[in-house]
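The residues making up each chain are set out below.
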Amino acid sequence: MKEVTFIRPSLAQEFTKDILTSDTLSRFAELVRTKVADGRTLEEVRRDRVEARPAKQARLDAGEPLDFLPENEVFTFLDGTTMTVKEIREADWKVDGQPRQFDGRRVQLTGPCSEPAMAIGAMNTGQQWMADSEDAAAQSTDAPLRTQRSLKLLCTWTPEGRRALDGAGGKRLKPENEVAIMIYRPRGLHLDDRHLLVDGQAVSGGFVDAWLFLRHNAKALLDRGLPVAFYLPKLECVEDADLWHTFLYEAEKALDLPPGTVKVYVLVEIINATYQLEEMMYAFTRPIRDGRTGKAVPASRFIGPNVGRWDYMASMYRATRADLAGIPPDTNLVTMDGARFLAVYEQYVSDMARRRGAVPWGGMSANILLRATLRPGDFEKIAGKEGAPTLLGALQAAGYVDPKGSVTGKFTPGTDTLPGLPAPYEPQRKQIIGILEAYVARAYNNKVALEKASDDKTRESGLRLAKDGGRRCYYGAWVATPDMVAVIQPVFEKAAREGLLAALDTAPTRTDWYSKELAAGLRAFPEGLVTEDGMREDITITLQYMASYLRGSAAAAVTSPQLKLQLMEDLATAEIRRAALWKRLHAGAVLQGEGPLAGKRLTEEVFLRLLDEETGKLKGKSVDTAQEILRWTTTAKKLIPWISDPLNVVLDEESPEVITAALKAYFDTFVTTGKRLTRVAGADIR
């Protein structure tokens, strides 16, 4: 096939029968070659949009403020139609809003789906499932394609009315009316695909994802009466929204789908996009002029926006990188209910959605619930398989464990004694104490996780006022693990019963939509201390996450030493922390609080000392590579646009020499030219 080149032919052959079929790829090549009104192809427009981002950042570095668009600015959309910002803001238009099938489903579970078992577990939550090919999905060699295979199996129905995925991994899906409705998140415009070239050029990973999903699954979903919905990530401006709207329209035509079939949520996770939110919503709602007929075709597809603390914070730090007066405080101090810029952002997104009839969705609950009840198997290493039940029984008889398996208040962590322990177990006393302490920590994790998640969603749903006095109004929220569905769902259901979510049907009364005060509030830099403990927290969490990503798992359970919690994080957690570390180092922050480094200026020497010490506490494959990436990332003279870049450059490599050379090439190229090396460049083609 001349027009489409496989970067790794052996891998492609593995998927050509069901995913990368000849017809699918030929039609994709035709799609991305579609020309818009000014003669460029869709893929050329995509490359131009990505390459324009450094120029925008350069203007911010030179002092251009983050601000709303001027009323007299004229947009020329890709179909050739023009409109001023003022016309968009003053026109009487509404978005289509939420497909009826989503009504009453208040929780969206997010996560990767490269394995069928993941898809089954997520679908059986009974709410909504955002199947992810982006931040929670590592771009390892075959993961994006295995994701497409899992999704195709999930969406394909047999003549008997069963999903083709039923029974995979020894599990079954529940009956149709009990399973979650699926939403799909393709990659962002900034990521090139790792597998395909079209006409010798890299192509958008997001375009590849969206096309493969629609080609294989759209009609199957529609035949079952289910919606086709996407979550679109990393949009930065109205031009990005227009590009996606145009691409989806052309994909719908190629597949004989009615215009506007594909509905979209948009993650408002880039600070630049917040200042253009209304215009972006319009770009997904407006009729599109068909390039062949010249007629305006209704293709409204916008559902609503979603807020996200981590990505928004990271983009704030990136966008203000030249302002070294703004130093990011300890990350755990920056909360949605405390930091002014996050509170203003959260209220604004909710209000803007209501203004245009959209359905706003709240942020992520990254908390994890752990098993905190002891079982005989927990003692097998000490007492063996036969003796483990007896040991557990002895601890229950001594009053340290209750009948349900929970550690009781009789046990005091941190002590070296265990009165009442039967003499035969005395030689293993320290090991037993260690197990009990671990389960006390698990119980603490669960208690705090439940409290934090419930309080956060109580605010987002409007059940309580935010600390700034505002009342948020979000339809539902995200969770990272199935266990959290049962925690979050009742909060929003209560808000609905009490009539608080009825406000979604009424426009807010605010009049300051584009005021200078609002613009300043959205970029108000957070205040707080930078401490040694906070630096160590950011370093260890970033290392933990990146090591997991490099092993092929981008939805990673990380441990927070400060909070003493386990959190399920995606790429955003590394993105925000490495951006914060870079700004602190290059601003010369002074470490405050307690610790031997209190009062010292954060120099490269101090940072490298902390990095070495925190790396030494971690074990496992890829930790050393993660350390090398974080060292390069933080000490480089320029802040790189995305942490995913160097991660993807070395993903799948095993030789330390190859990894070091690839990272050096990436950072040397970016620092000297400002260009990003991607995984598909040069010698990677074979």
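Residues numbered from 1 in each chain as written. Predicted model: local features only at pLDDT ≥ 70, side-chain atom pairs only at ≥ 80, totals over all residues. Heavy atoms only, no water.

Enquirer: In this structure, what is going on with the overall build of the protein chain? I would like to understand it.
Expert: Along the protein chain, the regular secondary structure elements total 22 helices and 17 strands. Scaling as 2.2 N^0.38, a compact globule of 686 residues should have a C-alpha radius of gyration of about 26 Å, and the protein chain matches this with 26 Å. Principal-axis analysis of the C-alpha atoms gives the protein chain an extent of 90 × 65 × 60 Å. Looking at the protein chain as a whole, 58% of its 686 residues are labelled buried. Within the protein chain, counting contacts between residues at least 6 apart in sequence, those at least 24 apart form 75% of the total. (Helix = DSSP H or I, 4+ residues; strand = E, 2+ residues; numbered from the N terminus. Rg over C-alpha atoms; globule rule 2.2 N^0.38 Å. Buried < 20%, exposed > 50% of the residue type's maximum accessible area, 1.4 Å probe, protein only. Contact = heavy atoms within 4.5 Å.)

Enquirer: Looking at this structure, how should I read the sheet that holds strand S7 (residues 192-198)?
Expert: Note on sheets: strands pair through backbone hydrogen bonds, and any given pair is parallel or antiparallel. The strand order across the open sheet built from 3 strands is S1-S7-S8, with neighbouring strands paired in antiparallel fashion. The sheet is open, and its two edges are formed by strand S1 (4-6) and strand S8 (201-204), each paired on a single side. Averaged over neighbouring strand pairs, the angle between their axes works out to 50 degrees when direction is ignored. Direction of pairing for S7 relative to S8: antiparallel, over a ladder of 3 bridges. Bridging from a neighbouring strand, Leu197 pairs with Ala202 of S8. Lying on the sheet, helix H3 (residues 42-61) is in contact with S7 and S8; it crosses S8 at an angle near 85 degrees. (Pairing = 2+ DSSP bridges. Axes fitted to C-alpha atoms, helices over the stretch in contact; angles between N-to-C directions.)

Enquirer: I'm lost on the pairing of strand S10 (residues 262-268) in this one. Help?
Expert: Two faces, one strand: in a regular strand the side chains alternate between the faces of the sheet. S10 sits mainly inside the fold: 7 of its 7 residues count as buried. Burial along S10 is two-sided: the residues Val262, Val264, Val266 and Val268 and Lys263, Tyr265 and Leu267 are all buried. Of the pairings in the sheet, the one linking strand S9 (residues 228-232) to S10 comprises 5 bridges and is parallel in character. For Phe230, the partnering residue across the bridge sits in S10 and is Val264. On the question of chirality, the crossover connecting S9 to the parallel S10 by way of helix H8 (residues 238-254) is right-handed. Across 5 bridges, the pairing between S10 and strand S13 (residues 302-307) is parallel. (Right-handed = clockwise from strand over helix to strand, strands pointing away.)

Enquirer: Explain the side chain of Ser114 to me, please; I cannot follow it from the model alone.
Expert: Assignment of secondary structure puts Ser114 in the loop between strand S4 (107-112) and helix H5 (116-123). In this structure, Ser114 is in contact with Ala143, Arg146, Thr147 and Ser150, ignoring residues within four places of it in sequence.

Enquirer: For this particular structure, what's the right way to read the state of the cysteines?
Expert: Going through the model one piece at a time under the given rule, you end up with 0 disulfides. Cysteine Cys113 shares no disulfide, and the gap to the nearest cysteine sulfur, in Cys155, comes to 9.6 Å. Looking at Cys113, the relative accessible area reads 0%, which means it is buried. (Disulfide = S-S within 2.5 Å.)

Enquirer: Just to check I follow, could you spell out the pattern of salt bridges for this structure?
Expert: Should the charged atoms of two oppositely charged side chains come close, the side chains can pair. This model, assessed by the stated rule, comprises 62 salt bridges. Among the salt bridges present, the one from Glu426 reaches Arg429, with a minimum N-O distance of 2.5 Å. A salt bridge links Asp512 to Arg510; its shortest N-O distance comes to 2.8 Å. Taking the relative accessible area as the measure of exposure, Asp512 reaches 29% and is therefore partly exposed. (Salt bridge = Lys/Arg side-chain N within 4 Å of Asp/Glu carboxyl O.)

Enquirer: Please explain the packing of aromatic side chains as it appears in this structure.
Expert: Here a ring pair, both rings aromatic, is described through the centre-centre distance and the interplanar angle of the planes. A complete count under the given rule lists 25 aromatic pairs for this structure. Ring pairs connect the aromatic residues Phe68, Tyr275, Tyr348, Trp513 and Tyr514, which therefore count as one cluster. If you follow Arg89 out to its NZ or CZ, it ends over the ring of Tyr514, 3.5 Å from the centre. Positioned over the ring face of Trp642 is Arg318, at 4.4 Å from the centre of the ring. (Phe/Tyr/Trp six-rings, centres within 6.5 Å; stacked < 30°, edge-to-face > 60°. Lys NZ or Arg CZ within 6 Å of the ring centre and 35° of its normal.)

Enquirer: When you look at the packing of helix H2 (residues 22-32) against H8 in this model, what are you seeing that I'm missing?
Expert: Packed helices, taken two at a time, are described by the angle their axes make and the gap between the axes. At a minimum axis distance of 10 Å, the contact between H2 and H8 shows a crossing angle of 140 degrees. Taken as axis vectors, H2 and H8 run oblique relative to one another. Remark: the crossing between H2 and H8 carries right-handed chirality. Across the interface between the two elements, Arg27, Leu31 and Val32 from H2 touch Phe247, Glu250, Ala251 and Ala254 from H8. Partitioning the contact of H2 with H8 into residue classes produces 5 nonpolar, no polar and 2 charged. (Parallel < 35°, antiparallel > 145°, perpendicular 65-115°, else oblique. Left-handed = near helix turned anticlockwise from the far one by under 90°. Nonpolar A, V, L, I, M, F, W, Y, C, P; charged D, E, K, R; others polar.)

Enquirer: Hey, could you run me through the confidence of the model for the protein chain in this one?
Expert: When pLDDT is averaged across the protein chain, the result is 92; 98% of the residues are at 70 or more. Every residue in residues 681-686 is under pLDDT 50, and counting partners more than four places away or in other chains gives 10 contacts. (pLDDT = per-residue confidence, 0-100.)

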